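# Fold and geometry: a report
So you can see what is in the structure, the chains are spelled out below.
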Amino acid sequence: MANEKTLIGRRGLLAASAGFLGASVSSGRGQASNDSEGLVPPWSKEQGAPIRESSYGEPSPFEKNVVRRPRGALPTFPSAGTSDTPLQNLTGIITPNGLVYERHHAGIPPIDPAQHRLLIHGLVDRPLILTMDELTRFPSVSRLHFLECSGNSSATWTGGNPKWTVQDTHGLLSCCEWTGVLLSTLLDEVGIKPAAKWVLAEGADAAGLSRSVPIDKALDDAIVVYAQNGEKLRPEQGYPVRLFLPGYEGNMSVKWLRRLKLGEGPFQTREETSKYTDLMPDGTARQFTFIMEAKSVITFPSGGHHLKGPGFYEISGLAWTGRGRIKRVEVSTDGGTSWHEAQLQEPVLSKCLTRFRLPWTWDGGPATLQSRATDETGYIQPPRRMLTDVRGFNSYYHLNGIHPWHIDPSGGVSNVA
Ligand code: CO
């Protein structure tokens, strides 16, 4: 079986590595003897640091390079910008709260939760103003979902820079456990008038960022969220309360939520007319393109990694779809000539990141690695070329094409520009 072959390959690699590693064999890997003489490091010979008082834990100082990185902020308007999640450094599917990507249109408002209010009004029977204490008394849910900016990967419409990492190309993507009150629960409380077909969601930031949400989505799986990964929302994620629309473009999950207004039609806000529309080659624009389609990317090996010689490597990456569950991920190591079915790490959840893995033995030659996701609707992630053939190069948002990484014989991994 394939598994058996893989295991044999791995044993072979470890044996070979002992010679390869040379001096670092004393780290305990490879040809370890039963004699521990000289193998006890200084930190095993003395007491470690005591527990700190009232601390909030931090990563090891050796992980100090695992950080969000900002991009493209205008010096004239520094409060509007983005920062990218370091996907190349993460395992599994959860994004730690301090590494969840950011996108702000007017900076992070310093909201006092005691003073914050959420207004629900418009075409409802009983308009309501909620304090945070009142909101958190409603029955709650906790669900794992990805969050992706609709502009994620947008710089690669035309290929981009060979030096880009997966943080640069796909870093506007994160995944958390989100806790809050289903919007359907709140709408049940206020009573929806029959004419109500859309909901305006408005933020309390200085941009007053606002989007129109179809009532079907509002009643389906929309959540009014106050916590992420077990703790209260981070300020940059909408503290004390945000909207969360699973599978929809991130911009619609309005942060610092202060108002929900029900109306008969969409509200035609700036963020759904001037921005977040998709300009087609004929000059028309697609509006209300909400759902993030099936997409995947290899996170190891990826841009900026350096393979230390031929041998065994586990290819690993992430797949997701705004339409439900990922059904299959295939990986090619020969530029798309042949494809191999990757293993999906459980749990495979709806509108959530799915981790995939594939054992691979690199022969040391040039290689092009790419992944292709299929979701439960049967939709298959397309090559980038298939998207540009239809949508041209005016588009900015919703690029979900297959993403290749090139490995050169020295082991260097680069973005295929
Ligand atoms: Co869109």
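To be clear, the structure that these remarks concern was listed above.
Residues numbered from 1 in each chain as written. Predicted model: local features only at pLDDT ≥ 70, side-chain atom pairs only at ≥ 80, totals over all residues. Heavy atoms only, no water.

### Considering the nonpolar core
In this structure, Ile120, Leu135, Leu183, Leu186, Val224 and Leu257 are the most contacted members of the largest nonpolar core, which totals 34 residues. Sorting the residues of this core by element identifies β4 (117–122), α2 (132–135), α4 (183–190), β8 (198–203), α5 (215–220), β10 (223–228) and β13 (257–263) as the ones contributing at least two each. With four residues, the single largest contributor to this core is α4. What Ile120 contacts, discounting residues up to four positions off in sequence, is Pro127, Leu128, Leu130, Leu186, Leu187, Val190, Leu260 and Leu262. Counting 31 residues, the second-largest nonpolar core is a separate cluster that includes Leu87, Leu318, Val331 and Leu369. (Core = buried A, V, L, I, M, F, W, Y, C linked by side-chain atoms within 4.5 Å. Buried < 20%, exposed > 50% of the residue type's maximum accessible area, 1.4 Å probe, protein only. Helix = DSSP H or I, 4+ residues; strand = E, 2+ residues; numbered from the N terminus. Contact = heavy atoms within 4.5 Å.)

### Things to note about the pattern of salt bridges
Under the counting rule described, the total for this entry stands at 18 salt bridges. In this structure, Arg234 engages Glu231 in a salt bridge whose closest nitrogen and oxygen atoms are separated by 3.0 Å. The partner of Arg270 in a salt bridge is Glu271, and the shortest N-O contact between them spans 2.7 Å. Residue class for Glu271 comes out buried when judged on its relative accessible area of 6%. (Salt bridge = Lys/Arg side-chain N within 4 Å of Asp/Glu carboxyl O.)

### Let's talk about the sheet that holds strand β19 (residues 340–341)
With antiparallel pairing, five strands are arranged side by side in an open sheet as β19-β18-β22-β23-β24. With one partner strand each, in any of the chains shown, β19 and β24 (413–415) form the two edges of the open sheet. Across three bridges, the pairing between strand β23 (residues 405–407) and β24 is antiparallel. Bridged to His406 within β24 is Ser414. (Pairing = 2+ DSSP bridges.)

### Comments concerning α4
One turn of an α-helix holds 3.6 residues; hence residues three or four places apart share an orientation. Looking only at α4, the buried set comprises Leu183, Leu186, Leu187 and Val190. Projection of α4 onto a plane perpendicular to its axis shows the buried side chains occupying an angular sector of 100°, all on one side. The first or second residue beyond α4 is Gly191, which carries a positive phi of 75°. (Arc of directions from axis to C-beta.)

### Looking at the environment of Thr368
In this fold, Thr368 is placed in strand β22 (residues 367–375). Separated by 33 residues in sequence, Thr368 and Gly335 place their C-alpha atoms 4.7 Å apart. When neighbours within four sequence positions are excluded, Thr368 is seen to be in contact with Ser332, Thr333, Asp334, Gly335, Pro404, Trp405 and His406. One polar contact links Thr368 to His406, side chain to side chain, over a distance of 3.4 Å. (Polar contact = N/O pair within 3.5 Å; in protein donor to acceptor, adjacent residues only side chain to side chain.)

### Let's talk about unusual backbone geometry
Looking along the chain, the bond that leaves Tyr239 and enters Pro240 is cis, with omega of 5°. Here Pro240 shows up in the loop between β11 (231–232) and β12 (242–244). Omega for the peptide link from Glu346 to Pro347 comes to 0°, which places this bond in the cis form. Mapped onto the secondary structure, Pro347 falls in the loop between β20 (343–344) and β21 (354–362). The backbone phi angle of His398 is positive, close to 60°, even though this residue is not glycine. Within the secondary structure layout, His398 lies in the loop between α6 (384–391) and β23.

### A look at the sheet that holds strand β5 (residues 128–131)
Judged by pairing direction, the sheet is mixed, and its five strands sit side by side in the order β5-β4-β13-β8-β9 without closing on themselves. Looking at the sheet topology across the chains shown, the edges are occupied by β5 and β9 (210–214). For this sheet the average axis-to-axis angle between neighbouring strands, irrespective of direction, equals 15°. By the bridge criterion, six bridges tie β8 to β13 in an arrangement that is antiparallel. (Axes fitted to C-alpha atoms, helices over the stretch in contact; angles between N-to-C directions.)

### Considerations on the coordination of the cobalt ion
Between any two of four tetrahedral donors, the ideal angle at the metal is 109.5 degrees; between two of six octahedral donors, it is 90 or 180 degrees. For the cobalt ion, the full set of protein donor atoms is Glu249 (OE), Thr289 (O), Thr289 (OG1) and His398 (NE2), and the range of their distances to it is 2.1 to 2.4 Å. Geometry at the cobalt ion is irregular, judged from the four donor atoms that bind it and their angles of 75 to 163° at the metal. Donor residues for the cobalt ion sit on one chain with the sequence pattern E-x39-T-x108-H. Remark: His398 occurs in the loop between α6 and β23 and Thr289 occurs in the loop between β15 (285–286) and β16 (295–300); sequence separation between them is 109 residues. (Donors = N, O, S within 2.8 Å, 3.2 Å for Na, K, Ca; no water. Tetrahedral: all angles 85-135°; square planar, octahedral: opposite > 155°, others 65-115°.)

### Things to note about the environment of Trp360
Looking at the element boundaries, Trp360 is found in strand β21. Here Trp360 falls in the buried class, since its relative accessible area comes to 10%. Taking C-alpha positions, Trp360 is 44 Å from Asp216, a pair spaced 144 residues apart along the chain. In contact with Trp360, not counting residues within four places along its chain, are Leu307, Gly311, Phe312, Tyr313, Ile315, Thr333, Ala367, Leu369 and Ile407.

### Structural notes on α6
Three or more residues of α6 are buried, namely Arg384, Leu387, Thr388 and Arg391. Down the axis of α6, the sector holding all buried residues measures 95°, keeping them to one side. Of the exposed residues in α6, those oriented more than 90 degrees away from the buried face are Arg385, Met386 and Asp389. For α6, the secondary structure elements touched by its buried residues are β14 (278–279) and β15. Positioned one or two residues after α6, Gly392 has a phi angle of 65°, which is positive.

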